Amino acid sequence: MENRKPFYITTPIYYPSDKLHIGHTYCTVATDTLARYHRLKGEDVMFLTGTDEHGQKIEDKAREAGVTPKDFVDAIVEGPRGVKDLWKLMNISNDRFIRTTDDYHVSAIQKIFKKMYDNGDIYKGTYKGKYCKPCESFWTESQLKDGCCPDCGRPVLDAEEEAYFFRLSKYADRIQHLLEDTDFLQPRSRVNEMVNNFIKPGLEDLCVSRTSFSWGIPVDFDPGHVVYVWVDALSNYITALGYCNDRYHDYEKYWPADVHIVGKEIVRFHSIIWPAMLMSLGEPLPKRVFGHGWLLLDGGKMSKSKGNVVDPYILAEKFGVDALRFFLMRTFPFGSDGNFSNELLIQTINTDLANDLGNLVSRTTAMAQKYFGERLPAGCGATEGEKKLAQDSAAPGTFAIVASGGPKQFDAELIALTAGLRGRYEEAMEQYAPHRALEEVFKVIQRANKYIDENAPWALAKDMVANGPRLAHVLYNLLEATRICATLLTPFIPDSCDKIFAQLGAPEGARTWESAAVWGSLPENAAVAKGENLFPRLDMDKALSELEAAEAEARKAALPAVETEPQLEEKVDFDTFCKSDFRAVKVKACENVKKSEKLLRFTLDDGTGTDRQILSGIAKWYKPEALVGKTLMAIVNLPPRKMMGLESNGMLISAVHTEHGEEQLNLLILDDKIPAGAKMC
Ligand code: MSP
């Protein structure tokens, strides 16, 4: 298809410093939904995502983990349950995936840096200021919030080093104009934030190289400097199309991007620094930057360091990929922040997917099959009058006035509302409001469910001779409304819509954008097949507790398998050591101490001829009867100690370590041939 309109859409490229969480998933699912929407409209979409792999934070994390930075990021990007696996699981349809460690990107960045240097926009100076390591951001004193990073609130470091600077200040006026006088940045509310916080106080030149660490792209004409990670990262949007490299060749076709979708905290980089870099390079600017809100947990931002991240794998595995995709797009207005909760997720699945959509599909297909077998009878489809009504109702904002009362009105209302759906949906999607597009689809789904109740097909079916044709027409209308809804839901829940189409018997031609505006596109004789229940209803309490158990299990699995206490630095002299009297002891009797969950009471043969009693807090790990007859090791010259009213004379020796966060204890059990009382030395 030659004449399709190109559409270039991107997500931010992710930091593989930790595994991705539901916030990252939100951003990528939203971008995927928009990309699929443009494909549905027949556009030639290029959807790019990837990973942003350089910078001090990753260098530090790799050092902590004892691996090279490249091995560190490889594991998170390519490894099991890593970035690529997550996008595959979430059914993300990106056309390209860029890693900033890819060779073609590295050499392209060196060329881009040199171009800006050659045209006088990059110069050498001394950097003095504040640096937020976790955010990889430089700040001036005046930008700090209570002395801390204004983005993440963490302390900043003093930084001073020789560095290259980019003449950002030179572009201040052009950027202000871009932000204030065009639609470049959306939602509009973000414009004031940028202009008031960053441009009006005076845009300072930007430090664009570092010498204090090495995990970055080297400035090829001045070794020792690495390119500032944001210059490296932002350029991904053009290097991934072949700018300054031969790996790809579609820069001419797709650039400028139609939209960069980004989270609100990185709007600054995309709406100030990125356009200035492009101005310096003499390249066109992206048409739009859209800054979406954050998913919050208990009102705060999710972050690994706060330990409050939500794992998308667990949710997708528990509830299904489409249910999770749907929830993210349906619940949170895209430009604003939203509070994530498991209750809300389960509630949305039950209300919208199980009750509304799932019920419509299953009731409609089940009744069609029950009353007519596989196919509805000929003549059940859209009448000429209905087709005309649909056409008249298709323009956004119009809604047909229909006759009052009775079956004709029910039909007309359903048809008019459904016929106008594509227009209302498109308007919302074009305004980056997928949540509103879904609202429109669900109004139709709810209307269709009401239409079932109004027409009571089960009552019509009681007299098939008199009502058969009417019943068939009612069911056709329901199949048709469901088909149009499913077509428009495809970008949101692609797999489920394929299943719905199969149940409706909708051929390819009745799944298209065009056919979503034409009432009557479903052939009358479509082969209806009731299938599996797409979205089973969840029991809130049961689902919540299963989820909590799965999350606890995952947290446990993420802890180090085995941990032992570090060895003591302080030395003990030999004489002191020899003062401890370790002996082999044989267990004559062992029982739980009454009213204590922890203590076991041992009666031991220590070789002296008199029984020794020791109390030991090991009931969590041992059943008393299993220890009788064993030869253990005890220190016997500790002063006596009273526990639960009983005297303990000594201590049994055991090995202690931590496994997946839980303390484990093993008694030192000696060979039985060692006699009671043998000294350990
Ligand atoms: N590497 C940079 C982007 C460079 S683009 C040239 C980066 N990476 S990130 O992994 O930290 O974040 C990627 C995206 O995920 C950002 O758009 C960010 O806003 C988004 N989110 C991270 N946590 C989020 C939420 N809790 N909620 C919504 N989006 C969030 O920034």
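For the structure, see preceding data.
Summarised in this report is the structure supplied together with it.

So, how was this worked out
Residues numbered from 1 in each chain as written. Predicted model: local features only at pLDDT ≥ 70, side-chain atom pairs only at ≥ 80, totals over all residues. Heavy atoms only, no water. Helix = DSSP H or I, 4+ residues; strand = E, 2+ residues; numbered from the N terminus. Pairing = 2+ DSSP bridges. Buried < 20%, exposed > 50% of the residue type's maximum accessible area, 1.4 Å probe, protein only. 1 Å grid on protein atoms, 1.4 Å probe; cavity = no way out; pocket = protein on both sides within 12 Å on 5 of 7 lines; lining within 4 Å. Points joined across faces, edges and corners; volume = space filled by probe spheres on them. Nonpolar A, V, L, I, M, F, W, Y, C, P; charged D, E, K, R; others polar. Near = heavy atom within 4 Å. Polar contact = N/O pair within 3.5 Å; in protein donor to acceptor, adjacent residues only side chain to side chain. Areas by Shrake-Rupley, 256 points an atom, 1.4 Å probe, with all protein chains shown as cover. Salt bridge = Lys/Arg side-chain N within 4 Å of Asp/Glu carboxyl O. Core = buried A, V, L, I, M, F, W, Y, C linked by side-chain atoms within 4.5 Å. Contact = heavy atoms within 4.5 Å. Expected span 1.5 Å × (residues − 1).

## What to know about unusual backbone geometry
- Note that the residue after glutamine 186, namely proline 187, is joined by a cis bond; omega there is -10 degrees.
- You will see that aspartate 146, though not glycine, has its phi angle at about 50 degrees, which is positive.
- You can see aspartate 146 is positioned in the loop between strand E5 (137-139) and strand E6 (157-166).

## Some remarks on the sheet that holds E6
- Across the sheet, which stays open at both edges, the four strands sit in the order E5-E4-E6-E8 with antiparallel pairing between neighbours. Edge positions in the sheet fall to E5 and strand E8 (206-207), since each of these pairs with one other strand and no more.
- Where E6 and E8 come together, two bridges link them in antiparallel fashion. From the neighbouring strand, phenylalanine 166 faces E8, where its bridge partner is leucine 206.

## Description of the pairing of strand E19 (residues 611-616)
- For E19, a buried count of five out of six residues is recorded, marking the element as mostly surrounded by other parts of the structure.
- Counted between consecutive antiparallel strands, the loop separating strand E18 (residues 600-605) from E19 contains five residues, among which glycine 607 sits at a positive phi close to 90 degrees.

## Focus: the layout of surface pockets
- One number sums up the size of the second largest pocket: a volume of about 840 Å³.
- For the second largest pocket, the lining is made up of 30 residues, of which Trp139, Gln143, Pro150, Phe198 and Arg268 are closest to its centre.
- Sorting the residues of the lining of the second largest pocket by element identifies strand E4 (122-132), E5, helix H7 (189-199), E8 and helix H11 (267-281) as the ones contributing at least two each.
- Ranked by residue count, the leading element in the lining of the second largest pocket is H7, at four residues.
- Its residues assigned to classes, the lining of the second largest pocket shows 15 nonpolar, six polar and nine charged.

## Notes on the pairing of E18
- Residues Leu600, Phe602 and Leu604 of E18 are buried on one face, while the alternating residues Arg601, Thr603 and Asp605, pointing to the opposite face, are not.
- Examined bridge by bridge, E18 and E19 share six bridges and lie antiparallel to one another. When the bridges of E19 are listed, phenylalanine 602 appears paired with isoleucine 614.

## Some thoughts on the site of the ligand
- In the vicinity of the ligand there are 24 residues, among which Ile13, Asp52, Gly263, Glu265 and Leu295 approach most closely.
- With respect to the ligand, the backbone of isoleucine 13 contributes an N or O atom lying 2.7 Å from a nitrogen atom.
- A distance of 2.8 Å separates a nitrogen atom of the ligand from a polar backbone atom of leucine 295.
- Considered on its own, the ligand offers 660 Å² of accessible surface; in the complex 96% of this is hidden by protein.
- Elements with a minimum of two residues in the shell around the ligand: helix H1 (22-40), helix H8 (229-234), helix H9 (236-239) and strand E11 (259-263).
- When the residues that make up the shell around the ligand are grouped by side-chain class, the tally is 13 nonpolar, eight polar and three charged.

## Observations regarding helix H13 (residues 321-331)
- Most of H13 is tucked away: 10 of the 11 residues are buried.
- Of the residues making up H13, those classed as buried are Val321, Asp322, Ala323, Leu324, Arg325, Phe326, Phe327, Leu328, Met329 and Arg330.

## Considering the pattern of salt bridges
- Within this structure, the stated rule accounts for 50 salt bridges.
- Between glutamate 317 and arginine 81 there is a salt bridge, and its shortest N-O distance comes to 2.5 Å. With glutamate 317 in helix H12 (residues 312-319) and arginine 81 in the loop between helix H3 (69-78) and helix H4 (83-89), this residue pair connects regions lying 236 residues apart in the sequence.
- The partly exposed category is assigned to arginine 81, whose relative accessible area is 36%.
- In the salt-bridge network here, residues are joined through shared partners; they are Glu53, Lys70, Asp74, Glu78, Lys84 and Arg99.

## Notes on the nonpolar core
- Ranked by size, the top nonpolar core spans 119 residues in total, and within it Leu328 and Leu357 carry the most contacts.
- The biggest single contributor to this core is helix H20 (residues 464-489), with 13 residues.
- The contacts of leucine 328, once residues within four sequence positions are left out, are Ile22, Thr25, Tyr26, Val29 and Leu295.
- With 76 residues, the next largest nonpolar core counts Ile13, Leu206, Tyr237 and Ala257 among its residues.

## With respect to helix H5 (residues 103-118)
- Helix length check: H5 (16 residues) gives 23 Å between terminal C-alpha atoms against 22 Å at 1.5 Å per residue, within 8%.
- Buried within H5 are the following residues: Tyr104, His105, Ala108, Ile109, Gln110, Ile112, Phe113 and Met116.
- In the segment just after H5, glycine 120 is the residue with positive phi, at about 85 degrees.

## Describing empty space enclosed by the protein
- Enumeration according to the criterion identifies one cavity of 30 Å³ or more in this entry.
- Here the largest cavity is characterised by a volume of approximately 50 Å³.
- As for the largest cavity, its lining consists of His54, Gly55, Tyr131, Glu136, Arg210, Phe213, Trp215, Gly216, Val226, Val227, Tyr228 and Val229.
- Residue classes in the lining of the largest cavity are distributed as seven nonpolar, three polar and two charged.

## A few points about the sheet that holds strand E16 (residues 562-563)
- Spatially, E16-E24-E25 is the arrangement adopted by the three strands of the open sheet, whose pairing is antiparallel. In this open sheet, the two edge strands, each paired with only one partner strand, are E16 and strand E25 (662-667).
- Here two bridges tie E16 to strand E24 (residues 654-659), and the two strands are oriented antiparallel to one another. Considered in E24, the bridge of valine 562 is made with glutamate 659.

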